[in-house]
Amino acid sequence: MHSYETLEPIKVYMKKKICILGGYENYKDEFQKRMSSNCLPIENKHNIGVNISKIDFFYKFNQKFEFLLWNIDCGQNRAFLRKTFYSGADAIIFFVSEEKISQIKQYVDEIQHISPEISLVFCVILENLSQKDIIDSYFNSEAFVSITLDHKIETFEISDQTEMFKQISSLFLQRIKEKEMESKIIIDFIHIDSLFGHSVIRDECNDYYEPETHDLNSNQQPINLELLNTYIQSLDLEIEYDSPNWIKIINKNFGKFSLFLKNGKVYYFPEICEKCKDKKCSKFKNSPYFICIEAGESSGWTNIIGFNQNELLILAKILALKEGNEKNLPHSVIKQIKNINQCERRKKK
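Re the overall build of the chain
Check the secondary structure of the chain and you find 13 helices and 13 strands. With 349 residues in all, the chain has 46% of them scored as buried. Here the analysis covers contacts within the chain between residues at least 6 apart in sequence; of these, 70% occur between residues at least 24 apart. Surface summary for the chain: the accessible area is close to 19,100 Å², and the carbon and sulfur share equals 51%.

Brief notes about the pairing of strand 4 (residues 63–72)
Within strand 4, eight of the 10 residues are buried, which leaves it mostly tucked inside the rest of the structure. Pairing analysis gives nine bridges linking strand 1 (residues 12–22) to strand 4, with the strands arranged parallel. Residue Ile18 lies in a different strand from strand 4, and its bridge partner there is Leu69. Sheet topology note: the strand 3 (residues 50–60)/strand 4 ladder contains 10 bridges and is antiparallel. Bridge pairing links Phe57 to Phe65 in strand 4.

A short note on the sheet that holds strand 7 (residues 153–157)
Spatially, the eight strands line up as an open sheet ordered 2-3-4-1-5-6-8-7, and their pairing is mixed. Looking along the sheet, the strands with just one partner apiece sit at the ends: strand 2 (38–39) and strand 7. Along the sheet face, helix 1 (residues 25–35) touches strand 1, strand 2, strand 3, strand 4, strand 5 (91–97) and strand 6 (119–126) and points at about 150° away from the line of strand 4.

A short note on the pairing of strand 3
For strand 2 and strand 3, the ladder comprises two bridges, and the chain directions are antiparallel. Across the sheet, Asn38 pairs through a bridge with Lys54, a residue of strand 3. The turn joining strand 3 and strand 4, which pair antiparallel and follow one another in sequence, is formed by two residues.

Remarks on the sheet that holds strand 11 (residues 255–260)
Sheet strands pair via backbone hydrogen bonds, and the direction of the pair is either parallel or antiparallel. With antiparallel pairing, five strands are arranged side by side in an open sheet as 9-10-11-12-13. Each of the sheet's edge strands pairs with one partner strand only, and the pair in question is strand 9 (240–243) and strand 13 (289–291). Between one strand and the next, the sheet's axes are offset by a mean angle of 35°, whatever the strand orientation. In this sheet, strand 10 (residues 246–251) lies alongside strand 9 in antiparallel orientation, the contact comprising three bridges. Each residue of the ladder has a partner; that of Ser243, found in strand 10, is Trp246. Along the sheet, helix 11 (residues 309–323) makes contact with strand 10, strand 11 and strand 12 (265–270), crossing strand 10 at roughly 30°. Relative to strand 13, helix 12 (residues 331–340) is tilted by about 165°, and along the sheet it contacts strand 11, strand 12 and strand 13.

Scoring rules and cut-offs
Residues numbered from 1 in each chain as written. Predicted model: local features only at pLDDT ≥ 70, side-chain atom pairs only at ≥ 80, totals over all residues. Heavy atoms only, no water. Helix = DSSP H or I, 4+ residues; strand = E, 2+ residues; numbered from the N terminus. Buried < 20%, exposed > 50% of the residue type's maximum accessible area, 1.4 Å probe, protein only. Contact = heavy atoms within 4.5 Å. Areas by Shrake-Rupley, 256 points an atom, 1.4 Å probe, with all protein chains shown as cover. Pairing = 2+ DSSP bridges. Axes fitted to C-alpha atoms, helices over the stretch in contact; angles between N-to-C directions.

On their own, these measurements won't tell you what the molecule is for.
Shown next as structure tokens:
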């Protein structure tokens, strides 16, 4: 018998928000109830469009994740609401019908316009078809090929619903290890009996209902990456591409910044962490840190067709971060950098 003294202590503890989307509302509800340790009454989803629960998940014996599961209603009546529940999400699980595989591209397009760095897991529920049937019929289509041009996609056949959380946990740990924010897309195939057992629960997948877009401002529109890259390269700036969508900016005053071209978000790796040898430090493990640099109220102007405030803001961020110092950067940005650069270990000495 093991005593508490012999148990290995928790080395990794993370809290993450995961949204559940897709037209299978009954399946999503059942999945939430089966997987959650604590769950609010499902009536919340019917009333306000979302229901929240908690999952205590051990990826390994000493690696614990606390997942907050946001089960979002994707029906037509609440399509206008669902974008309001995405904020702060670290990953999204989609339940997809074998008969409506085209919804994969529809949801990818939707999320990419809002938060391109979120990792996506599509759970294709098999009832009458096989994984091979779907791959042969859809994965060679023009719609699917267009997704693979921009994203790395992995496919798996899984036999247990917990495997999705293992995949997501692995992605989170990989991001920390490699200091990478690029989104991942996973497509899992699982038979209905493996998902819920020989249950009498059955559901019909709704169509995809696009959220209303008339209230979107320019900051939520997709970035013109091709045009933006053309101008970045023509300016001959001393910057590096970490990947096609990531720019690395070295600032002599503060350290290293990474800018994600798809949405203009900026992340910062503190200078004190670059020099520190204590790689087990919590600050080092949490790097890189998000730096808030937002557009103002002005709509901006440009005479370059297709080059709007979004693209101009990203160019401005690159120039500001490259040559920035305590005198010429906004006070709010300097304050964030200074707060991040405080070393708690040194304070205690």
